[in-house]
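# Analysis of the macromolecular model
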Amino acid sequence: MSKIEFQIGERTKAIHCGEEPDPVSRASAPNIAMSTTFLTDADAGFSVEEMDEDAAWIYTRWGNPTIHQLEEKVAALEGGESAIAFGSGMAAISATLFHFLQAGDHAVVSDVAYAAMSEMTNELIPKLNISVTKVNTSDLGAVEKAIQPNTKLVYIETPCNPLLRLTDIEAAAKLAHEHGALLAVDSTFATPLATQPLELGADLVIHSLTKYMGGHGDAIGGAVVGSKRLLAPMRKSTAIRLGGIISPFNAWLIMRGMATLPIRMKAHADHAMAVARFLESHPKVLRVIYPGLESHPQHELAKKQMRNFSGMLTFQLKNGQKAAVDFSKQLQVIHYAVSLGHHRSLIFYLHSADLLETSFKFATEQQQESWNDYAGEGIFRLSVGLEDADDLIRDLKNVLDQLPD
């Protein structure tokens with residue numbers, strides 16, 4: 001980080017942390033170090049076991065100046081000591097599970113989570129003789145009941161993807177620590193501008209940098225943030241050995257996007273609130289789920305642990321699958337596409353039956369009820385972008401008004 005000798009705010013951190021002018025060219029913007037290898041001294045080791053956190057650059061899979069700058073910026077915004085950048089959000093999730101869980105261990109995981117995370121903990125992780133119990137983590141009683149003597153990790157998403165259900169991070173951290181387990185929080189939907197889980201007691205924070213952090217839909221990446229004690233061995237065991245590292249160019253793109261994160265997140269939240277209130281007032285909309293709305297079942301918790309309600313919302317329509325066809329063909333501003341957190345607004349329909357047969361195919365009856373309570377036959381997930389809110393509302397209204405009653 002640039003040598004600033006006084007306390008700085010979030011916007012200043014987003015711009016300056018991890019960066020300083022190039023000492024040779026005096027360039028203000030950070031360079032991109034695309035080299036895979038670096039000149040070393042004759043006594044440099046050839047094994048990662050000989051590497052320490054302050055070692056000189058040797059090989060980009062081990063570490064790279066541009067990637068390190070991104071890691072410092074992510075850590076600073078999250079209030080963490082250290083961060084590890086990965087090639088994708090799923091690479092960050094995989095590294096976390098592979099490093100902190102071993103054969104014979106047990107994990108408690110949110111019963112509704114990002115689809116690939118759900119699929120991984122349904123199939124691959126149990127094949128490694130690691131047991132997984134999935135519960136509605138907004139129900140702390142259910143979390144406590146699920147914890148076993150060999151539980152090493154409690155893994156939550158808040159807000160969870162795609163139901164926008166919240167978990168009380170502070171209470172979950174206390175519960176996990178009482179039983180000797182770590183708490184990992186996927187905070188992709190919230191971003192550090194809404195919630196800083198480490199301050200609330202979490203041990204690890206996971207982000208898909210592809211989403212809000214990068215913000216422009218043009219670079220894939222992920223990160224894990226935590227203490228140096230936890231992350232230094234994780235860097236060796238999973239980031240370096242499994243090789244799921246981020247490209248320096250993608251790191252540079254994401255770092256550039258992060259400079260405007262505080263400004264963007266305010267706009268995302270403001271626009272999402274306007275769109276959510278419009279949808280809630282429309283007669284053809286059955287339900288809107290957005291943490292900023294008073295109608296959200298956990299609105300009080302949202303106010304407690306989120307300083308920004310983010311730009312994600314979901315809503316239900318009668319005959320949603322048919323309506324999805326109309327949205328895909330008739331929307332003019334909003335793109336009918338997967339992903340989220342971009343400057344462009346994105347919408348996609350998630351059909352409950354399809355998801356319960358694929359990503360959640362091993363769901364218990366309780367999990368299915370948990371999903372159906374929020375989603376019904378299916379939900380539209382809307383990532384509200386940075387376009388004028390009035391234009392987004394007009395775009396949605398044009399389609400909604402034409403739908404049959």
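Since the structure is predicted, the reported quantities are computational estimates derived from the model, not experimental observations. (Residues numbered from 1 in each chain as written. Predicted model: local features only at pLDDT ≥ 70, side-chain atom pairs only at ≥ 80, totals over all residues. Heavy atoms only, no water.)

## Side note on the overall build of the protein
Applied cut-off: Going along the chain from the N terminus, every DSSP run of H or I of four or more residues is numbered as a helix, and every run of E of two or more is numbered as a strand. All radius of gyration figures rest on C-alpha atoms, and the globule criterion is 2.2 Å times the number of residues raised to 0.38. Relative accessibility under 20% of the residue-type maximum defines a buried residue, over 50% an exposed one, and the middle range a partly exposed one, all with a 1.4 Å probe and only protein chains included. Accessible surface is estimated by sampling points in the Shrake-Rupley manner with a 1.4 Å probe; for residues, cover comes only from the protein chains shown. Here the positive residues are Lys and Arg and the negative ones are Asp and Glu; neither His nor the chain ends is included. The atom standing in for a charge is NZ when the residue is Lys, CZ when it is Arg, CG when it is Asp and CD when it is Glu.
Helix and strand content of the protein: 15 helices and 12 strands. Against the compact-globule benchmark of 22 Å for 405 residues, the protein has a radius of gyration of 21 Å, which places it among compact chains. By its C-alpha atoms, the protein is 75 × 50 × 35 Å across when sized along the principal axes. Here the protein holds 405 residues, and the buried ones make up 56% of them. Working note: accessible area of the protein is about 17,700 Å², and carbon and sulfur atoms make up 52% of it. The distance from the centre of the 35 positive side-chain charges to the centre of the 48 negative ones in the protein is 3 Å.

## Quick word on the sheet that holds strand β5 (residues 182-186)
This is how it is decided: We treat two strands as partners when DSSP finds at least two bridges between them. Only the stretch in contact is used when a helix axis is fitted, and all axes are lines through C-alpha atoms; the angle between N-to-C directions ranges over 0 to 180 degrees.
If you trace the 7 strands from one edge of the open sheet to the other, you get β1-β7-β6-β5-β4-β2-β3, paired in mixed fashion. Only two strands of the sheet have a single neighbouring strand rather than two, namely β1 (82-86) and β3 (131-135). Each strand of the sheet is rotated relative to its neighbour by a mean of 20 degrees, with strand direction disregarded. Note that β1 and strand β7 (residues 222-226) share 5 bridges and pair antiparallel.

## Things to note about the domain arrangement of the protein
Basically, it comes down to this: For the domains described, the bounds stem from an automatic or database domain assignment. Whether two residues are in contact is decided by their heavy atoms, any of which lying within 4.5 Å being enough. Once two parts are brought into contact, the accessible area they lose, counted with a 1.4 Å probe and summed over both, makes up the buried area.
What the domain assignment reports for the protein is domain 1 (10-257) and domain 2 (261-401). One C-alpha centre belongs to domain 1, the other to domain 2, and the line joining them spans 26 Å. Between domain 1 and domain 2, the contact holds 45 residues from the first and 41 residues from the second. With both chains or domains summed, domain 1 and domain 2 bury close to 3,700 Å², and 60% of this area falls on carbon and sulfur atoms.

## Some words on the nonpolar core
Short version of the rule: Residues enter a nonpolar core if they are buried and are Ala, Val, Leu, Ile, Met, Phe, Trp, Tyr or Cys, with the set joined through side-chain atoms within 4.5 Å.
Formed by 43 residues in total, the largest nonpolar core has its most connected members in L70, V74, L163 and W371. Mapped onto this core, the elements with two or more residues apiece are α2 (65-78), β1, β7, α9 (248-258), α10 (261-281), α13 (352-357) and α14 (365-375). Both domains that furnish three or more residues to this core are identified here as domain 1 (10-257) and domain 2 (261-401). Discounting chain neighbours no more than four positions away, the residues touching V74 are A83, L209, M213, A223, V225 and M258. Counting 37 residues, the second-largest nonpolar core is a separate cluster that includes A269, V384, L392 and L403.

## Some details on the UniProt feature "modified residue: N6-(pyridoxal phosphate)lysine" (unreviewed entry) in the protein
What counts here: UniProt positions are given in the numbering used here, feature names are shortened, and annotations may be inferred rather than shown by experiment. Within 3.5 Å is the distance limit for a polar contact, defined as a pair of N or O atoms, with the added protein rule that one can donate a hydrogen and the other accept it, and that residues adjacent in sequence qualify only through two side-chain atoms.
As annotated in UniProt, the feature "modified residue: N6-(pyridoxal phosphate)lysine" (unreviewed entry) corresponds to K211 in the numbering used here. Relative to the assigned elements, K211 resides in the loop between β6 (204-208) and β7. Look at K211 and you get buried, because its relative accessible area is 13%. Apart from residues lying up to four places away in sequence, K211 is in contact with T188, S339, L340 and G341. A distance of 3.0 Å separates the side chain of K211 from the side chain of S208, its partner in a polar contact.

## Considering the pattern of salt bridges
Any two side chains of opposite charge can pair, given that their charged atoms come close. Quick reminder of the rule: The salt bridge definition used is simple: a Lys or Arg side-chain nitrogen within 4 Å of an Asp or Glu carboxyl oxygen.
Taken as a whole, this structure holds 12 salt bridges when the rule is applied. Notably, a salt bridge pairs R307 with E10, separated by 2.7 Å at the nearest N-O pair. Highlighted residues: R307 in the loop between α11 (299-305) and β9 (312-317) and E10 in helix α1 (residues 10-16), separated in sequence by 297 residues. Of the residues examined, R307 reaches a relative accessible area of 52% and is grouped as exposed. With a relative accessible area of 30%, E10 lands in the partly exposed category.

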